[in-house]
Amino acid sequence: MSESIQTIPVGTSPAYAVSIGPGLLSQCGQRLWEVLGRCRIAVITDDTVAPLYLDAVSESLRSAGVSVSSYIFPAGECSKTLATLSDILEFLAGEHLTRTDCVAALGGGVVGDMAGFAAGVYLRGIRCVQLPTTLLSAVDSSVGGKTAIDLRAGKNLAGVFLQPAAVLCDTDCLRTLPPAIFADGAAEAIKTGILCDESLFSLFEDGTLTAAPAEVIARCVGYKAGVVERDEKEQGERRLLNLGHTVGHAIEKCSGYRLSHGHAVAAGLSIIARSAEALGWTEEPIAARIAACLAKNGLPTGTEYPPEALAEAALADKKRSGDSITVVIPRRIGACELKKLPVRELQALIAAGWGG
Ligand SMILES: NC(=O)c1ccc[n+]([C@@H]2O[C@H](COP(=O)([O-])OP(=O)(O)OC[C@H]3O[C@@H](n4cnc5c(N)ncnc54)[C@H](O)[C@@H]3O)[C@@H](O)[C@H]2O)c1
Ligand SMILES: O=C(O)C(=O)C[C@@H](O)[C@H](O)[C@H](O)COP(=O)(O)O
Ligand SMILES: [Zn+2]
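So, how was this worked out
- Residues numbered from 1 in each chain as written.
- Chains lettered and ligands numbered in written order.
- Predicted model: local features only at pLDDT ≥ 70, side-chain atom pairs only at ≥ 80, totals over all residues.
- Heavy atoms only, no water.
- UniProt positions renumbered as here; feature names shortened; annotations may be inferred.
- Helix = DSSP H or I, 4+ residues; strand = E, 2+ residues; numbered from the N terminus.
- Near = heavy atom within 4 Å.
- Polar contact = N/O pair within 3.5 Å; in protein donor to acceptor, adjacent residues only side chain to side chain.
- Areas by Shrake-Rupley, 256 points an atom, 1.4 Å probe, with all protein chains shown as cover.
- Nonpolar A, V, L, I, M, F, W, Y, C, P; charged D, E, K, R; others polar.
- Domains from an automatic or database assignment.
- Contact = heavy atoms within 4.5 Å.
- Donors = N, O, S within 2.8 Å, 3.2 Å for Na, K, Ca; no water.
- Buried < 20%, exposed > 50% of the residue type's maximum accessible area, 1.4 Å probe, protein only.
- Pairing = 2+ DSSP bridges.
- Disulfide = S-S within 2.5 Å.
- Axes fitted to C-alpha atoms, helices over the stretch in contact; angles between N-to-C directions.
- Parallel < 35°, antiparallel > 145°, perpendicular 65-115°, else oblique.
- Left-handed = near helix turned anticlockwise from the far one by under 90°.
- Phe/Tyr/Trp six-rings, centres within 6.5 Å; stacked < 30°, edge-to-face > 60°.
- Lys NZ or Arg CZ within 6 Å of the ring centre and 35° of its normal.

Those residues carrying the UniProt feature "domain: 3-dehydroquinate synthase C-terminal" (unreviewed entry) are residues 185-319 in this numbering. Split by type, residues 185-319 is 59% helix and 0% strand. Its first and last C-alpha atoms lie 23 Å apart.

Let us now look at the site of ligand 1. The full set close to ligand 1 counts 27 residues, and Asp46, Glu77, Thr133, Thr134 and Thr176 are the nearest of them. Side-chain polar atom of threonine 133 to a nitrogen atom of ligand 1: 2.7 Å apart, as the coordinates give it. Here ligand 1, which alone exposes 860 Å², has 91% of that area covered by the protein. Elements represented by at least two residues in the shell around ligand 1 include exactly α2 (49-63), α4 (109-121), α5 (135-141), β8 (154-158) and α6 (179-196). In the shell around ligand 1, the residues fall into nine nonpolar, nine polar and nine charged. Structurally, the shell around ligand 1 is a two-domain feature, drawing no fewer than three residues from each of domain 1 (6-176) and domain 2 (179-231 + 243-354).

A few words on the environment of serine 70. Within the secondary structure, serine 70 is located in strand β4 (residues 67-73). Residues serine 70 and leucine 54, 16 residues apart in the sequence, show an inter-C-alpha distance of 8.4 Å. Setting aside residues up to four positions removed in sequence, serine 70 forms contacts with Val43, Leu54 and Phe91.

Glancing now at the coordination of the zinc ion (ligand 3). Within the protein, the atoms that donate to the zinc ion (ligand 3) are Glu188 (OE), His245 (NE2) and His261 (NE2), at distances of 1.9 to 2.1 Å. In the primary structure, the donors to the zinc ion (ligand 3) are separated according to the pattern E-x56-H-x15-H. Placement of histidine 245 in helix α9 (residues 245-254) and of histidine 261 in helix α10 (residues 261-278) is noted, with a sequence separation of 16 residues between them. Among the residues examined, histidine 261 registers a relative accessible area of 17% and is labelled buried.

What follows concerns the sheet that holds strand β11 (residues 324-332). Two modes of strand pairing occur in sheets, parallel and antiparallel, and in both the strands are linked by backbone hydrogen bonds. What the three strands build is an open sheet, ordered β10-β11-β12; its pairing is antiparallel. Of all the strands in the sheet, just β10 (320-321) and β12 (335-342) have a single pairing partner and so form its edges. Here eight bridges tie β11 to β12, and the two strands are oriented antiparallel to one another. Bridged to arginine 332 within β12 is alanine 335.

A few words on the state of the cysteines. Following the criterion strictly, the structure yields zero disulfides and no others. Of all cysteine sulfurs in the structure, the one in cysteine 169 sits closest to cysteine 173, which takes part in no disulfide; the separation is 7.7 Å. The closest cysteine sulfur to the non-disulfide-bonded cysteine 254 is located on cysteine 78, 15 Å from its own sulfur. A residue is classified by how much of its surface remains accessible, and cysteine 254, at 28% relative accessible area, is partly exposed.

In this section: the packing of helix α3 (residues 82-94) against α4. Angle between the axes and distance between the axes are the two parameters that describe a pair of packed helices. Put simply, α3 and α4 touch, their axes get as near as 10 Å, and they point 55 degrees apart. Overall, the two elements α3 and α4 adopt an arrangement that is oblique. Where α3 crosses over α4, the handedness of that crossing is right-handed. In this structure, α3 contributes Thr84, Leu85, Ile88, Leu89 and Leu92 to the contact, and α4 contributes Met114, Phe117, Ala118 and Val121. Class assignment of the residues belonging to the contact of α3 with α4 gives a composition of eight nonpolar, one polar and no charged.

Bringing the packing of aromatic side chains into the picture now. By the definition in use, this model includes one aromatic pair. Taking the centre distance of 5.3 Å and the plane angle of 45 degrees together, the rings of tyrosine 71 and phenylalanine 91 count as tilted. With tyrosine 71 in strand β4 and phenylalanine 91 in helix α3, this residue pair connects regions lying 20 residues apart in the sequence. Given a relative accessible area of 15%, phenylalanine 91 falls into the buried group. Here the basic side chain of lysine 339 rests over the ring of tryptophan 281, its NZ or CZ set 4.5 Å away from the ring centre.

Here threonine 246 lies in helix α9. Residue threonine 246 is classed as buried on the basis of its relative accessible area of 8%. At 2.8 Å, the side chain of threonine 246 forms a polar contact with the side chain of lysine 319.

Pasting the structure below:
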């Protein structure tokens, strides 16, 4: 194995490894053979990623003796639907994949969530591997086993937990990302810094990623792996990973999913930081520093959708339980906490941080 590849173990049951470094897609055949053994692989990808990377993946798998087929759907959040899930499931069945076979998600978080969901329910569950190609999928969505589709009622409202059998994160893929899509990943990495690591947050403060992306990816994955090992099914601590998402998901829904997840989460992070500070819940002033960091990375720090609309959209949040909702509150950069509120107080909480 190459020296420049870092490997992070994720101690869930079953356990798996996240490999991070250059050239991994062209080595995926050999690497996946070692993890999966003899099987057929159905590669699920989108129509932006396919022309860039599908040939390299298919060729590598075939030269390792793996039989490959592929399914391509239109890129973007608007494909994260029951209709796409149904099409993927019909494809897997039409290809006669069996319980010993595997789905490979080649793409960003949308492909990862769709392919993971399909693998999790096809034949009541077959294996899945994640081949993330966006910064967001590298730092966040390829690890931890959440999969989902959006429903008319809200974001990510149906899904299953399915830990991948392996994650191969080829950092060369990040070179073809348009700046706005790179920024989406920065939003989740900045979130991770606010959750656990001020020095990770600081890497983003001058607006250019000064550390190599592989280092940032490894630090984000290392933190997420620990949280997921302790709370795989989100009974407690894992809810912290939703920092900025109660408002962020509401913004995505209000925009008709035209605003990207990363951009919406950035606005959600800024709003909740301003709210927490205004209500005296932070240990020190943090909101201006968080907003400046996000803005330096080309991300929004607010939204046009009013607090009433956001609070209404947030009623579908999975951290709601009856008349209560648990929100993630930043205390300082590097430490956050969960706070349970009556749902009726959510609009006032959002309003406290809404203006920029
Ligand atoms: N499961 C989880 O834990 C988790 C975590 C975070 C986010 N998510 C989900 O992930 C999704 C967002 O993921 P995303 O930001 O990767 O969006 P995405 O998957 O829509 O990718 C963004 C765009 O980039 C294109 N693209 C992908 N790789 C590329 C490359 N290397 N070069 C050029 N273009 C490329 C895609 O085709 C798409 O058009 C949301 O649906 C969000 O809910 C899930
Ligand atoms: O892995 C997690 O747990 C997260 O919350 C990571 C989030 O960045 C991600 O967007 C996740 O899909 C949101 O989860 P949801 O359960 O609120 O849909
Ligand atoms: Zn997210």
